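Observations on chain architecture
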Amino acid sequence: MFVHRYTKKGYQYAEVCEAFRDAQTGCPRRRTIKTLGRVIDWDRKLFKNRALGVYHYNLKLDTCEPVKADVIPETAERRGREEKLILRFGDVFIIDQGINRFGLHECINAALSRHPQTLYALLCYYVLERDANSRAPIWYEGSFARLLYPGAGLGSQEVSTLLEELGDEALQQRFFRSYIKYCLRLQPPASNVMIDVMIDRTGLPGSIHFPLTAVVKHNGSISRELRLICVVDRNSGLPVYFRCIAGSKTAGSIEDLAALTTTLAELRLRHRGLEIRYLLPDAGDYTDEAFRPLLEQDIPFLVRLTQAGSHLRLCGDLMREHAPSLMTADNLTCGNGRCVYIKKVSVRLLGYPVSAYICRDMEACCAEGAEVTARARERGLQFHEVHAALESAGYFMMLSTADIAPADLLSIYNTRQDLAQIFDLAGNGAGPEPAMVHDELRLKGHLLLSFIGAVVRHLLVRRAREARVNLQDMLASLRFQNCKLFGDGMVVVREAQQWGSACYKMLDLQCPLSLGPLEQRSRN
């Protein structure tokens, strides 16, 4: 064996090599046994790498021996003290530590692909940023993630490869088996996870077309869409499960019902301990044909009715009868920053008893009133037309087979909005267009990563609520907590400000003053 040195980007590096002869040509060759790092002093065989710092290599014994500080050349000392980079530190460090504190790394490791460093780095990006995936390499270069996950590759090809692997059905089922066990551990002993199930449609940007999509006219707009079935823990609000299924051509179709019943059967078969509380269909999904089997099977649901469809007569009759007596103090409910008048009425739907909720949202009433006023000025509407529009502003109606108290109605239905934001494909920067996910596997992988990111963020939000602090303020403050990387691999961390310190305290963490080369790397 011998030590070979070579030059790369103006620096000398060394490696231990072994000489041999090619069996076919007989020409001399060499193979690399191990790398030694950067050359500090060739004559004294002093080298430097991240793991050992500056050391002496003994070729005869094949050992690496630490050296005293006075032996290190002055140039190496000076280079070690030089600042190399200033990186964003606080937000990535908190996400990495939070994943470990919450115990989620076990679930994520169940879904680990061949690129774990890329998976964790991209997960941090999904949690922290609402930007295009094509900008992930820029974020990575300026973030502490490049030191936590040094083997990550966030280029378009690496991201596409990772998403393809995460889209594999067997991998996703391994993740959900581990994750649902995690959700059950969060529950009180001998209790099930009470879940709500939602079906929704998501429009894809750029009319992305593959077998999962269908052209749908929904809520007055035409787009190419797919369907997502989402499951959430009713007690904690934690996302539990999702399925991505082919789009149907019409809202509220039999295909929607079949997808829901298949999902319920799959959850009961594969995942013990899940108890279904409500189905939460989309507002435009109600049809008599689709909902009759739900009534026959006594499956509890809560659906908001739109101003069109076969239920229009039912809506009109109930509104005319109960709207005059709706706005009283007894019917007022406040929650989630909104004030809504809700009146509960027992009716029969397709021969089955259900509860109808006549509602008037005062915030929506004001917004619609402003629109009516603006439209009246533009089009010159008559006073009776303006009066009729203002009278109906803010009204809507819900139907449920369950007996829900009006005070609990909004919190249950708001679950739909929370879940829809998890998979906001076209609305957020983590959408499929910049992520190069124009096929099914990559799309499913993107959805799984979005799901895991939503779980991490939800756990942080829940911890922040318990501590009575605002997560957005804390992450915004931590975004500007920087660190300095020095030539010898040491990292010096800037002190956290008020909101950042609150985040460390919330997770029972100490803000590190400095990190050595080995401490920088994630434990994941």
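Above this text sits the structure in question.
Presented here is a report on the structure given in the accompanying data block. In every chain, residue numbers begin from 1 and rise along the written sequence. Thresholds applied to this predicted model are a pLDDT of at least 70 for local features of residues and 80 or more for the giving and counting of side-chain atom pairs; totals over whole chains, interfaces and linings are not thresholded and use all residues. Hydrogens and water molecules were not included; the side-chain quantities draw on all heavy atoms of the structure.

Brief notes about the environment of D96
Strands here mean DSSP runs of E at least two residues long; helices mean DSSP runs of H or I at least four residues long; both are numbered from the N terminus. Looking at the secondary structure, you find D96 in helix α2 (residues 90–102). Counting along the chain gives 52 residues from D96 to L148, while the straight-line C-alpha distance between them is 8.6 Å.

Re the pattern of salt bridges
We define a salt bridge as a contact between a side-chain nitrogen of Lys or Arg and a carboxyl oxygen of Asp or Glu at a distance within 4 Å. In the structure shown here, the tally under the stated rule is 13 salt bridges. For R185, the salt bridge identified is with E106, shortest N-O distance 4.0 Å. Linking R185 in helix α8 (residues 169–185) with E106 in helix α3 (residues 105–110), this pair joins segments that are 79 residues apart in sequence. Only protein chains enter the area calculation, which uses a 1.4 Å probe; residues under 20% of their type maximum are buried, those over 50% are exposed, and those in between are partly exposed. Classification of R185 by relative accessible area gives exposed; the value is 53%. Looking at E106, the relative accessible area reads 47%, which means it is partly exposed. Residues D403 and K344 are paired through a salt bridge, measuring 1.9 Å at the closest nitrogen-oxygen approach. One end of the pair, D403, is in the loop between β17 (395–400) and α14 (406–422); the other, K344, is in strand β15 (residues 338–349), and 59 residues separate them in sequence.

A look at the packing of helix α12 (residues 362–379) against helix α13 (residues 383–391)
Each axis is a line fitted through C-alpha atoms, and for a helix only the stretch in contact is used; angles between axes span 0 to 180 degrees, taken between their N-to-C directions. α13 packs onto α12 with a crossing angle of 165° between their chain directions and a minimal axis gap of 9 Å. Taken as axis vectors, α12 and α13 run roughly antiparallel relative to one another. The way α12 lies across α13 gives a crossing that is right-handed. For the pair α12 and α13, the contacting residues are G369, V372 and A376 in the first and V386, A389 and L390 in the second. Residues are grouped as follows: nonpolar covers Ala, Val, Leu, Ile, Met, Phe, Trp, Tyr, Cys and Pro; charged covers Asp, Glu, Lys and Arg; every other residue, Gly included, is treated as polar. Per-class residue counts for the contact of α12 with α13 are five nonpolar, one polar and no charged. Roughly parallel here means an angle under 35 degrees, roughly antiparallel means over 145, roughly perpendicular means 65 to 115, and every remaining angle is called oblique. Here is the rule for handedness: rotate from the far helix to the near one, and if that takes an anticlockwise turn smaller than a right angle the crossing is left-handed, while a clockwise turn gives right-handed. In this description, contact between two residues means that some pair of their heavy atoms is separated by no more than 4.5 Å.

Observations concerning the sheet that holds strand β18 (residues 482–486)
Each pair of strands is called paired provided DSSP finds at least two bridges between the two strands. Sheet architecture is open: four strands sit in the order β7-β18-β19-β20, paired in antiparallel fashion. Since the sheet does not close on itself, it has two edges, and those belong to β7 (83–88) and β20 (514–515), each with one partner. Strand direction decides the pairing type here: β7 and β18, joined by five bridges, are antiparallel. If you follow R88 over to β18, its bridge partner there is N482.

A short note on the packing of aromatic side chains
Working definition: a ring pair exists when centres of Phe, Tyr or Trp rings (six-membered ring for Trp) sit within 6.5 Å. Plane angles under 30 degrees give stacked, over 60 give edge-to-face, the rest tilted. Throughout the structure, instances matching the rule amount to 17 aromatic pairs. With a centroid separation of 6.3 Å and 50° between ring planes, the pair formed by F47 and Y55 is classed as tilted. Classification of Y55 as buried rests on a relative accessible area of 2%. Taking 4.9 Å as the distance between ring centres and 20° as the angle between the ring planes, the aromatic pair formed by F89 and F93 counts as stacked.

Here we look at unusual backbone geometry
For D62, which is not glycine, the phi dihedral falls at a positive 55°. Relative to the assigned elements, D62 resides in the loop between β5 (53–58) and β6 (63–66). For D62, a relative accessible area of 37% gives the class partly exposed. Even without being a glycine, L350 presents a positive backbone phi close to 55°. With respect to the helices and strands, the residue L350 is situated in the loop between β15 and β16 (352–361). Look at L350 and you get partly exposed, because its relative accessible area is 25%.

Some details on the side chain of R88
Within the fold, R88 resides in strand β7. Separated by 2.4 Å, the side chains of R88 and D91 make a polar contact. Pairing of N or O atoms within 3.5 Å defines a polar contact, subject to two protein rules: one partner must be a possible hydrogen donor and the other a possible acceptor, and residues neighboring in sequence count only if both atoms are side-chain atoms. A distance of 3.2 Å separates polar atoms of two side chains, one belonging to R88 and the other to E129. Residue contacts for R88: discarding those within four places in its chain leaves E129, W139, G142, S143, F144, R479, Q481 and N482.

Overview of the sheet that holds β6
Taken in spatial order, the six strands make up an open sheet running β1-β2-β3-β4-β5-β6, and their pairing is antiparallel. Edge strands, defined here as strands with exactly one partner in the open sheet, are β1 (2–8) and β6. Neighbouring strand axes in the sheet, compared pairwise and without regard to direction, differ in orientation by 50° on average. Note: strand β4 (residues 46–49) against β5, four bridges, orientation antiparallel. Paired with N49 across the strands is G53, a residue of β5.

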